[in-house]
Amino acid sequence: MKKLLTALLCSWCGFGSAQTAEELLNDGKNTENVTTFGMGYDLKMYSPLKQINKSNVRRLVPIWSFSLANDMGEHSQPTIYNGVMYVVNGSWTFAIDVATGRQIWRTPVQYERAALRVGTAGAIMRGPATIYNGKLFRQTVDAHVVALDMKTGKEIWKEKFADFKEGYIGVIAPIIVNGVLISGMAGGDRTTRGFLDGYDPETGKRLWRTYTIPAPGERGSETWPNKELSDAWKYGGAATWQAGSYDPQLDLYYIGTGNAEPYNPVYRKGMDSLYCASILAIRPKTGEMVWYYQTVPNDSFDFDASAESVLAELVVDGEMRKVLINAHKNGFLYVLDRANGKLIAANPFVKQNWAKRIDLETGRPVLTDLLDRAMKGETVAVFPARGTNAALIAFNPKTGLVYLNSWNQARVMKYVDFKFVLGTGSTGIESTFDTPKGEPIGYHAAIEPLTGNVVWQTPLTDLPSSAGMLATDGGLLFTGLLTGEVVALDQDNGKRLWQFKTGSSIVAPPITYTHKGRQYVSVLSGIGGSVPTRTAGKEVPAGGSVWTFALMPE
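Read on for an overview of the structure. These numbers come from a predicted model, not from an experiment.

### Digging into the sheet that holds strand β27 (residues 380-382)
Here is step 1 of the chain: Strand order across the open sheet formed by 3 strands is β27-β30-β31, with antiparallel pairing between neighbours. The strands lining the two open edges of the sheet, one partner per strand, are β27 and β31 (429-434). For this sheet, the mean angle separating the axes of adjacent strands, direction not counted, is 30°.

Following this line, the structure appears as structure tokens:
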């Protein structure tokens, strides 16, 4: 065994580990590597690979699985580079041989365990192991950014970005954009003020910080009650807790922000509360905000805009446009011009009752009476509780369709008094969740982005899906279920063509790639995070693992 491990290490050390900016930009062109989240900076979750297709997917079998020694949840996407798979979770960082599933190295995550009392979702990690120039970057739940050596897993530098005792946690993977390591923060539903940081990836020196809530006197501060409630902006939310996308031609990084805090708008005087529930376009070298689009002014229903935005090209009124597509938690599918943030389309993709429509001229929602009723003390059922649950959508440029996993639940809520305690919950509501009797709890769906037309949808009756979607040129969609199955769907109609039962829930995005010319599919299994655990935790055991599949030879 010792000789075998030595041979593996020596073989791997021969691979080039100084992963470059050019390779990040060209992610997807070399199908042997998957170096960025979402299968590319555009987050399309699309692959041209088609060795595995509708005619042979029934021969897809696991070729290896690997225990991730973790029971707090697996939300991340594997990173593949030169025959090595890198995996991060809240407890460990791993390097694994792609061909055999054997461990090359693993490094424990050092963090203060008291942070788990703040991070109610546990020590999890959203996004991939971020690699660049021989280093692997990640966050820790106690609000640090860390750089490790890709060859050995040894720590190179570590920087604290916030105090977890004030409600901040680190659960999101950083990203390399135009040579800058951009890192967000989590802290939604607690007394935090959102921000993005830019770091020098070589040294860990912070280059800039852009707050997502303006201080008094800054642009947008007039949307906060700075005179009546002078501290509201300091603890108002707008966390940057999911990943962003990047357009290298425009040199713009797009990131969504979380809900306003508290949800109860009384404590924000019912003002718009910029830049909560917004999509921001950021200049990566400086942190400058080039444009913003606020999806839900005065967000009072926990409608984060933090879902990842897909970058695509669509024909709009006879003209090819560079667009951004966002499947929002509020139930609307948005299409924006990504050069300037102008709204092009916004259509509901699930049942919703909080807005009559989105006004295309102003970009603002035209509200129903739901918010007024809630403000008068009524308990209301808000549809949707979440349109999707923090899961990557897929866009196939050949079909022009968006593929996603939607939820069909209402949040039954009532506004209550809120007392400020630094570092604790700050919602100002009481709530439960409800699925309409006799209706599916969610759907797999294919949607036309400009019209919102649902081309097909297939119901989920037991549990909804919190996994990402992956589209391939083999006519397949790969995704996962909270009950633990990895599934392959027919891209034309949503029919399930293949499934494999893992030991726990799938709440992570699958990826596909080649190794020595053979197509593989890999995905992490392991229930975790507050919503999946609340939804399926009594039915599904915990325990993290990574599974890799390939076609069984004929």
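### What to know about unusual backbone geometry
Here is step 1 of the chain: Omega for the peptide link from Glu-261 to Pro-262 comes to -15°, which places this bond in the cis form.
Here is step 2 of the chain: Structurally, Pro-262 can be placed in the loop between β18 (252-256) and β19 (278-282).
Here is step 3 of the chain: That bond from Leu-274 to Tyr-275 is cis: its omega, 0°, falls within 30 degrees of zero.
Here is step 4 of the chain: With respect to the secondary-structure elements, Tyr-275 resides in the loop between β18 and β19.

### Some words on the side chain of Thr-130
Here is step 1 of the chain: One can find Thr-130 in strand β9 (residues 130-132).
Here is step 2 of the chain: Taking the relative accessible area as the measure of exposure, Thr-130 reaches 7% and is therefore buried.
Here is step 3 of the chain: Excluding residues that lie within four positions of it along the chain, Thr-130 makes contacts with Lys-135, Leu-136, Phe-137, Ala-173, Pro-174, Ile-175, Ile-176 and Leu-181.

### Observations regarding the pattern of salt bridges
Here is step 1 of the chain: Taken as a whole and judged by the stated rule, the model has 18 salt bridges.
Here is step 2 of the chain: Close ionic contact of Lys-234 with Asp-231 constitutes a salt bridge, the shortest N to O distance being 3.3 Å.
Here is step 3 of the chain: On the basis of relative accessibility, which here comes to 38%, the residue Asp-231 falls in the partly exposed class.
Here is step 4 of the chain: For Asp-302, the salt bridge goes to Arg-411, with nearest N and O atoms at 2.6 Å.

### Thoughts on the sheet that holds strand β40 (residues 545-551)
Here is step 1 of the chain: Across the sheet, 4 strands lie side by side as β2-β40-β39-β38; this open sheet has antiparallel pairing. With one partner strand each, in any of the chains shown, β2 (60-67) and β38 (511-515) form the two edges of the open sheet. Along the sheet, successive strands turn relative to each other by an average axial angle of 30°, direction set aside.
Here is step 2 of the chain: Both β38 and strand β39 (residues 518-525) contribute to a ladder of 5 bridges, which runs antiparallel. Pairing of Tyr-513 across the sheet is with Tyr-520, part of β39.

### Regarding the nonpolar core
Here is step 1 of the chain: Met-85 and Tyr-403 are the most contacted members of the largest nonpolar core, which totals 52 residues.
Here is step 2 of the chain: When neighbours within four sequence positions are excluded, Tyr-403 is seen to be in contact with Ile-393, Ala-394, Asn-396, Ala-445, Ala-446, Trp-456, Met-469, Ala-471, Leu-477 and Gln-491.
Here is step 3 of the chain: By size, the runner-up hydrophobic cluster in this structure holds 43 residues, among which are Val-145, Phe-195, Tyr-246 and Ile-282.

### What about the pairing of strand β25 (residues 355-358)?
Here is step 1 of the chain: Relative to strand β26 (residues 365-367), β25 is paired through 3 bridges, and the arrangement is antiparallel. Within the sheet, the bridge partner assigned to Arg-357 lies in β26 and is Val-366.
Here is step 2 of the chain: Connecting β25 to the next strand, β26, in antiparallel fashion are 6 residues, including Gly-363 with a positive phi near 80°.

### Brief notes about the environment of Tyr-513
Here is step 1 of the chain: Its place among the elements puts Tyr-513 in strand β38.
Here is step 2 of the chain: With relative accessibility at 0%, the residue Tyr-513 sits in the buried group.
Here is step 3 of the chain: Separated by 141 residues in sequence, Tyr-513 and Asp-372 place their C-alpha atoms 50 Å apart.
Here is step 4 of the chain: Once residues within four sequence positions are removed from consideration, Tyr-513 is found in contact with Thr-31, Val-34, Leu-49, Ile-80, Met-85, Val-98, Arg-518, Gln-519, Tyr-520, Ser-522 and Thr-548.

### What to know about the packing of aromatic side chains
Here is step 1 of the chain: Applying the stated criterion across every chain, the model contains 24 aromatic pairs.
Here is step 2 of the chain: The interplanar angle of 75° and the centroid separation of 5.6 Å between the aromatic rings of Tyr-267 and Phe-418 together place this pair among those described as edge-to-face. Taken together, the residues span a long stretch of sequence, with Tyr-267 in the loop between β18 and β19 and Phe-418 in the loop between β30 (410-415) and β31 at a distance of 151 residues.
Here is step 3 of the chain: When its relative accessible area of 17% is taken as the criterion, Phe-418 is described as buried.
Here is step 4 of the chain: Three or more aromatic residues joined by ring pairs form one cluster here, namely Tyr-293, Phe-301, Phe-303, Phe-332, Tyr-334 and Trp-354.
Here is step 5 of the chain: The ring of Phe-383 has Lys-351 lying over it, and the distance from NZ or CZ to the ring centre is 4.8 Å.
Here is step 6 of the chain: The positively charged end of Arg-518 is found above the aromatic ring belonging to Tyr-520, 5.8 Å away from the centroid.

### Points about the environment of Glu-308
Here is step 1 of the chain: Residue placement: Glu-308 occurs in the loop between β20 (289-294) and β21 (310-316).
Here is step 2 of the chain: For Glu-308, a relative accessible area of 9% translates into the label buried.
Here is step 3 of the chain: Measuring from C-alpha to C-alpha, the distance between Glu-308 and Lys-501 comes to 27 Å, with 193 residues separating the pair along the chain.
Here is step 4 of the chain: Once residues lying within four places of it in the same chain are set aside, the contact partners of Glu-308 are Phe-37, Leu-43, Gln-242, Ala-243, Ile-325, Asn-326 and Leu-392.

### Examining the side chain of Asn-330
Here is step 1 of the chain: When you line up the elements, Asn-330 lands in the loop between β22 (319-327) and β23 (332-337).
Here is step 2 of the chain: For Asn-330, the side chain forms a polar contact with the main-chain nitrogen of Phe-332, separated by 2.9 Å.
Here is step 3 of the chain: At 3.0 Å, the side chain of Asn-330 forms a polar contact with the side chain of Tyr-334.
Here is step 4 of the chain: Residues within four places of Asn-330 in sequence aside, it is in contact with Val-296, Phe-303, Gln-352, Trp-354 and Pro-384.

### Notes on the pairing of β19
Here is step 1 of the chain: Of all 5 residues in β19, 5 are buried; the element is thus mostly enclosed.
Here is step 2 of the chain: Taking every second residue as pointing to the same face, both faces of β19 are buried, with Ser-278, Leu-280 and Ile-282 on one and Ile-279 and Ala-281 on the other.
Here is step 3 of the chain: Bridge count between β19 and β20: 5 bridges; the pairing is antiparallel. Within β20, the residue paired with Ala-281 across the bridge is Trp-291.

Here is what the cut-offs are and how they apply
- Residues numbered from 1 in each chain as written.
- Predicted model: local features only at pLDDT ≥ 70, side-chain atom pairs only at ≥ 80, totals over all residues.
- Heavy atoms only, no water.
- Pairing = 2+ DSSP bridges.
- Helix = DSSP H or I, 4+ residues; strand = E, 2+ residues; numbered from the N terminus.
- Axes fitted to C-alpha atoms, helices over the stretch in contact; angles between N-to-C directions.
- Buried < 20%, exposed > 50% of the residue type's maximum accessible area, 1.4 Å probe, protein only.
- Contact = heavy atoms within 4.5 Å.
- Salt bridge = Lys/Arg side-chain N within 4 Å of Asp/Glu carboxyl O.
- Core = buried A, V, L, I, M, F, W, Y, C linked by side-chain atoms within 4.5 Å.
- Phe/Tyr/Trp six-rings, centres within 6.5 Å; stacked < 30°, edge-to-face > 60°.
- Lys NZ or Arg CZ within 6 Å of the ring centre and 35° of its normal.
- Polar contact = N/O pair within 3.5 Å; in protein donor to acceptor, adjacent residues only side chain to side chain.

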